[in-house]
Structures are given as C-alpha cells and as structure tokens.
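Take a look at the letters that make up each chain.
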Amino acid sequence: MSYDIAVIPGDGIGNEVVDATESLMIDLAASHDVEIQTTQFDWGSERYLEEGALMPEDGLDTLEEFDSILLGAVGHPEVPDHVTLRNLRLPITKGFNQHICKRPSYLFEGVQSPLRGYSGGDIDLVVYRQNTEGEYADVGGREHQGFSNEVAVQSAVYTREGTEAIVRAAFEAATERRGKLTNITKSNAQAYGMVFWDEVVQEISEEYPNVTVERLLVDAGSMDFVRRPDEFDVVVASNLFGDILTDIGGIISGSLGIAPSTNINPSGEYPSMFEPVHGSAFDIMGEGIANPVGMLLSMSLMFEHLDEDELAETLWNGVAEQLADSDAPRTPDIGGNATTLDVAGDLEERLLQ
Ligand code: NAI
Ligand code: MG
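What counts and what doesn't
- Residues numbered from 1 in each chain as written.
- Chains lettered and ligands numbered in written order.
- Predicted model: local features only at pLDDT ≥ 70, side-chain atom pairs only at ≥ 80, totals over all residues.
- Helix = DSSP H or I, 4+ residues; strand = E, 2+ residues; numbered from the N terminus.
- Rg over C-alpha atoms; globule rule 2.2 N^0.38 Å.
- Contact = placed C-beta atoms within 7 Å.
- Pairing = 2+ DSSP bridges.
- Axes fitted to C-alpha atoms, helices over the stretch in contact; angles between N-to-C directions.
- Core = buried A, V, L, I, M, F, W, Y, C linked by C-beta atoms within 7 Å.
- Buried ≥ 20, exposed ≤ 12 C-beta atoms within 10 Å, placed from the backbone.
- Domains from an automatic or database assignment.
- UniProt positions renumbered as here; feature names shortened; annotations may be inferred.
- Near = placed C-beta within 6 Å.
- Nonpolar A, V, L, I, M, F, W, Y, C, P; charged D, E, K, R; others polar.
- Parallel < 35°, antiparallel > 145°, perpendicular 65-115°, else oblique.
- Left-handed = near helix turned anticlockwise from the far one by under 90°.
- Expected span 1.5 Å × (residues − 1).

**A few points about the overall build of the protein chain**
In terms of regular secondary structure, the protein chain is built from eleven helices and twelve strands. By the compact-globule yardstick of 20 Å for 353 residues, the protein chain fits well, its C-alpha radius of gyration being 20 Å. In the protein chain, the proportion of contacts linking residues at least 24 apart, taken out of those at least 6 apart, comes to 74%.

**Focus: the sheet that holds strand S4 (residues 100–106)**
Strand pairing within a sheet occurs via backbone hydrogen bonds; the two strands may be parallel or antiparallel. Read across the sheet, five strands follow the order S4-S5-S10-S8-S9 without closing on themselves; strand pairing throughout is mixed. Each edge of the open sheet is held by one strand with a lone partner, namely S4 and strand S9 (212–217). Along the sheet, successive strands turn relative to each other by an average axial angle of 20 degrees, direction set aside. As judged from the seven bridges shared by S4 and strand S5 (residues 124–130), these two strands associate in the antiparallel manner. Looking across to S5, one finds that Ser 105 is bridged to Leu 125. Along the sheet face, helix H7 (residues 218–227) touches strand S8 (180–185) and S9 and points at about 110 degrees away from the line of S9.

**Examining the nonpolar core**
Core analysis: the biggest nonpolar cluster contains 88 residues, and Tyr 128, Ala 170, Val 235, Val 236 and Met 299 have the highest contact counts within it. Residue assignment places this core across two domains, with domain 1 (1–100 + 260–353) and domain 2 (124–252) each supplying three or more. Ignoring sequence-local partners within four residues, the contact set of Tyr 128 consists of Ile 100, Lys 102, Ile 166, Ala 169, Ala 170, Ala 173, Val 234, Val 235 and Val 236.

**Comments concerning the UniProt feature "domain: Isopropylmalate dehydrogenase-like" (unreviewed entry) in the protein chain**
Per the UniProt record, "domain: Isopropylmalate dehydrogenase-like" (unreviewed entry) is annotated on residues 4–347. From the first C-alpha to the last, residues 4–347 spans 23 Å; its make-up is 40% helix and 19% strand.

**Overview of the site of ligand 1**
Close to ligand 1 lie 24 residues, the nearest being Gly 75, Gly 257, His 278, Gly 279 and Asn 291. If you tally residues by element for the shell around ligand 1, the top one is helix H4 (residues 81–95), at four residues. In the shell around ligand 1, the residues fall into nine nonpolar, ten polar and five charged.

**Description of unusual backbone geometry**
The residue Asp 33 is not glycine, and still its phi comes out positive at about 60 degrees. Structurally, the position occupied by Asp 33 is in the loop between helix H1 (13–31) and strand S2 (35–40).

**Comments concerning the domain arrangement of the protein chain**
Along its sequence, the protein chain is organised into domain 1 (1–100 + 260–353) and domain 2 (124–252). Here domain 1 and domain 2 have C-alpha centroids that lie 25 Å from each other. With nine residues of domain 1 at the interface, the matching set in domain 2 holds twelve residues. The leading source of residues in the side of domain 1 that touches domain 2 is H4, at three residues. Counted by class, the side of domain 1 that touches domain 2 contains three nonpolar, five polar and one charged residues.

**Here we look at the packing of helix H9 (residues 293–305) against helix H10 (residues 309–324)**
Between H9 and H10, the shortest axis-to-axis distance is 7 Å and the interhelical angle comes to 160 degrees. The pairing of H9 with H10 is recorded here as roughly antiparallel in orientation. When the axes of H9 and H10 are compared, the crossing they make is left-handed. Contacts between H9 and H10 involve Val 293, Leu 296, Leu 297, Met 299, Ser 300, Phe 303 and Glu 304 from the first element and Asp 309, Leu 311, Ala 312, Leu 315, Trp 316 and Val 319 from the second.

**Digging into the environment of Tyr 158**
Its location among the elements puts Tyr 158 in the loop between strand S7 (151–154) and helix H5 (160–176). Residues Tyr 158 and Ser 119, spaced 39 residues apart in sequence, show a C-alpha to C-alpha distance of 38 Å. For Tyr 158, the contacting residues outside a window of four places in its chain are Glu 133, Gly 134, Thr 163, Gly 193, Phe 196 and Trp 197.

**Observations regarding the environment of Ile 264**
Within the secondary structure, Ile 264 is located in the loop between strand S11 (260–263) and strand S12 (272–276). Remark: the alpha-carbon pair of Ile 264 and Ala 165, spanning 99 residues in sequence, is separated by 11 Å. When sequence neighbours within four positions are dropped, the list of residues in contact with Ile 264 reads Gln 98, Ile 100, Lys 102, Ser 272 and His 305.

**Remarks on H1**
Between its terminal C-alpha atoms H1 stretches 28 Å, which fits the 27 Å expected from 19 residues at 1.5 Å a residue. In the stretch just after H1, Asp 33 is the one whose phi turns positive, near 60 degrees.

**Regarding the packing of H7 against helix H8 (residues 239–252)**
Axis separation between H7 and H8 bottoms out at 9 Å; the angle between their running directions is 15 degrees. The pairing of H7 with H8 is recorded here as roughly parallel in orientation. Of the two elements, H7 crosses H8, and the hand of that crossing is right-handed. Across the interface between the two elements, Val 218, Gly 221, Ser 222, Phe 225 and Val 226 from H7 touch Phe 241, Leu 245, Ile 248, Gly 249 and Ile 252 from H8. Split into classes, the residues belonging to the contact of H7 with H8 amount to seven nonpolar, three polar and no charged.

Laid out in structure tokens, this is it:
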C-alpha cells in the first residue's frame with residue numbers, strides 16, 4: 001500500500017513534535033511494506049505575519065488530493081488566537097466535514113497521574129466530540145463597537161444530522177468497548193440546543209439496549225473526570241465541552257503532551273486529519289522538550305483510520321512499552337529530563353532494530 005500524507009507542522013512545538021517523528025513514521029511504515037509519501041506545507045503564523053494569510057486561498061483544494069493530513073499545532077504569541085484557529089484548523093475541519101473528533105485518554109503504565117491512587121490502565125476513556133458545529137459555529141456578530149451599547153452575539157448551532165452522527169459514533173464505540181456511554185451537556189442552562197441533544201441521545205439509545213447511558217451536566221462532569229475518571233468509558237459531548245474535557249483527560253492521564261486526536265470525515269469524501277490535542281505551547285516552544293507522544297499516538301490513530309491496523313498497533317504498543325520502561329528517556333512534563341529528539345530517537349531504535 002502507498003499513501004500520500006499532507007504534513008502541516010504549524011507553529012511552536014507543533015514544528016518540534018512533527019520534526020522529531022515524521023521520519024520514524026515513514027520508516028516504520030516502510031518496514032511493514034507500506035509506502036508513505038509526505039508533503040510538508042509551511043502554513044501557519046509565520047506565513048500570516050509575512051503574507052497576511054495562514055494558508056493559501058486554494059489550500060483546501062491542495063489538501064483534498066491527500067489520503068490524510070497531519071497537523072502539529074497552530075498559535076503564535078504575536079497573532080490573536082482566534083485568527084490562527086479560525087484561519088487554519090477550523091477551515092480544514094469544517095471544509096472537509098470532519099465532524100467526528102475521537103480523543104482517547106489513557107493512563108499508560110509507567111506514567112504518573114497527578115491524581116492519587118491511579119496506575120497504568122486505570123484511566124481508559126474516549127471522548128467523542130462533535131467537531132464542526134455547536135459552540136464553534138461561525139454564527140454571531142458584533143455591533144456598536146466602542147459605544148456603551150456595544151453588543152456581541154455568539155450563537156451555537158446543533159443540527160439533527162451532526163448531533164445524530166456524533167451520538168451514533170459514540171454508541172458504536174461503547175458497544176465495542178465496555179458498554180457505557182456518558183452524555184455530558186448543560187441542558188439545565190441551555191434549554192434549546194442541549195435539550196435537543198439529550199433527546200437525540202435518548203432516541204438513539206433505543207437502538208443500543210446493551211449500552212448503559214449516564215447523563216451528567218458539564219460542571220459536575222468535569223469534577224467527575226477528576227474525582228472518578230476510572231468510571232468513564234465512552235463520553236459524548238459538544239464541540240466546546242469536548243474540547244475542555246479532553247484537556248482534563250490529558251492531564252489526568254499524566255500530561256496534555258501525550259493526548260492524541262482525530263478529525264474524521266466518516267464518508268471518506270475528504271481526507272481526515274490527525275493531530276495532538278495540545279497547542280503550540282508558548283511557554284516551552286523553542287526549548288526542544290515538548291513531549292512527542294501525543295503526535296506519535298495521533299499517527300497511530302491515522303494508521304488505524306487507513307486500515308493499517310498492524311502498523312497502528314505496532315506504533316501504539318511501542319510508545320506504551322517505552323513509557324513503561326523507567327530507563328527510557330522521557331520529557332519533563334512526565335517527570336524526565338530528555339528532549340523531544342531523545343524520546344523519538346529511542347523509540348526509533350526500539351521499533352526499527
Ligand atoms: P497548549 O496546549 O499549547 O499548552 C497548555 C499547557 O500544556 C502548556 O503549559 C504547555 O507547555 C503544556 N503542553 C502542551 N503540549 C505539550 C507537550 N507536547 N509536551 C509538554 N507540555 C505540553 O495550550 P495554550 O497554552 O492554551 O495555547 C497555546 C496556543 O496554541 C494558542 O495560540 C492556542 O490557540 C493554540 N492551540 C492550538 C491548537 C491546535 O492547533 N490544534 C490546540 C490548542 C491550542
Ligand atoms: Mg483544545
């Protein structure tokens with residue numbers, strides 16, 4: 001098999017984790033008789049600062065030709081965050097209808113959770129986040145700027161199609177996993193969109209009698225990610241809540257730096273995109289100490305999506321074994337003092353020799 005992969009390293013540690021892992025991904029695939037051709041795009045904030053746009057106008061047409069997309073992260077101290085997000089990542093996820101965002105949180109053996117009393121495998125949950133609408137819909141506006149009657153309106157959008165699709169994907173996952181689905185909303189306060197969402201969950205639950213459904217409001221749900229993370233199996237949530245919950249899921253599993261993410265276009269009409277959960281990390285960028293594990297696990301999820309299951313498992317298990325080995329290099333966020341390149345280099349030795 002052979003795949004063309006578009007690689008957008010982006011900004012800050014996005015570049016660092018991509019640079020450290022790209023050749024490992026290609027070489028590992030080659031060792032399994034899978035050919036990977038990558039094309040790098042220097043899209044991101046530097047381009048914006050020089051040319052006024054994060055990506056070219058026909059960027060999506062270019063990306064459409066690829067089998068998958070890998071993204072590092074975007075975000076720059078000199079560019080407002082809403083500019084970076086809304087001019088690169090969101091146009092891709094929305095333009096390619098990547099409406100399913102699947103984000104596993106797993107506490108690996110050898111990694112310490114900041115929560116007391118949990119060890120390897122105790123936290124094993126996956127969040128299904130609606131990825132193209134909800135609170136991130138581009139619906140709203142501002143008026144009367146600078147006057148006392150200045151107003152800002154930001155609307156959330158929930159379509160039946162989008163809501164049913166994410167809920168169904170979550171039920172399917174629960175069926176394959178431990179048979180439990182937690183629906184996290186805020187339907188006490190948001191009585192239109194989120195009550196509608198709850199109704200869709202209720203309707204679809206009837207198709208899955210073997211899945212136990214639990215319902216939580218997002219404030220209590222966030223608390224329970226900290227209080228009893230071991231009790232979650234599959235979680236389904238809106239775009240914003242899924243975003244927030246998966247940063248919590250990352251840190252309770254040891255570090256945001258190990259959390260992978262997927263942006264899936266289930267029909268296959270467009271390429272899907274894979275990226276770590278984290279951003280460009282202004283506080284550590286340039287230091288060479290970003291954890292590359294989130295990127296590596298995202299590559300594993302890309303292989304899984306491409307039906308290269310053996311490759312996906314080899315990479316995932318390789319990372320797990322490296323994390324479990326107390327002598328292996330690890331980055332400072334998980335208690336070590338190694339660099340991004342040390343970790344990737346060590347993994348390369350483990351997997352390719
Ligand atoms: P962030 O995810 O970049 O960083 C949050 C914290 O986690 C920081 O303390 C950082 O050092 C740590 N961290 C993140 N990844 C790490 C890794 N691989 N290894 C070790 N530590 C890691 O979130 P923040 O600071 O809110 O955002 C920074 C910029 O990134 C902003 O411009 C934001 O808009 C952007 N961003 C972009 C995303 C994307 O491109 N998909 C996702 C999230 C944020
Ligand atoms: Mg996020």
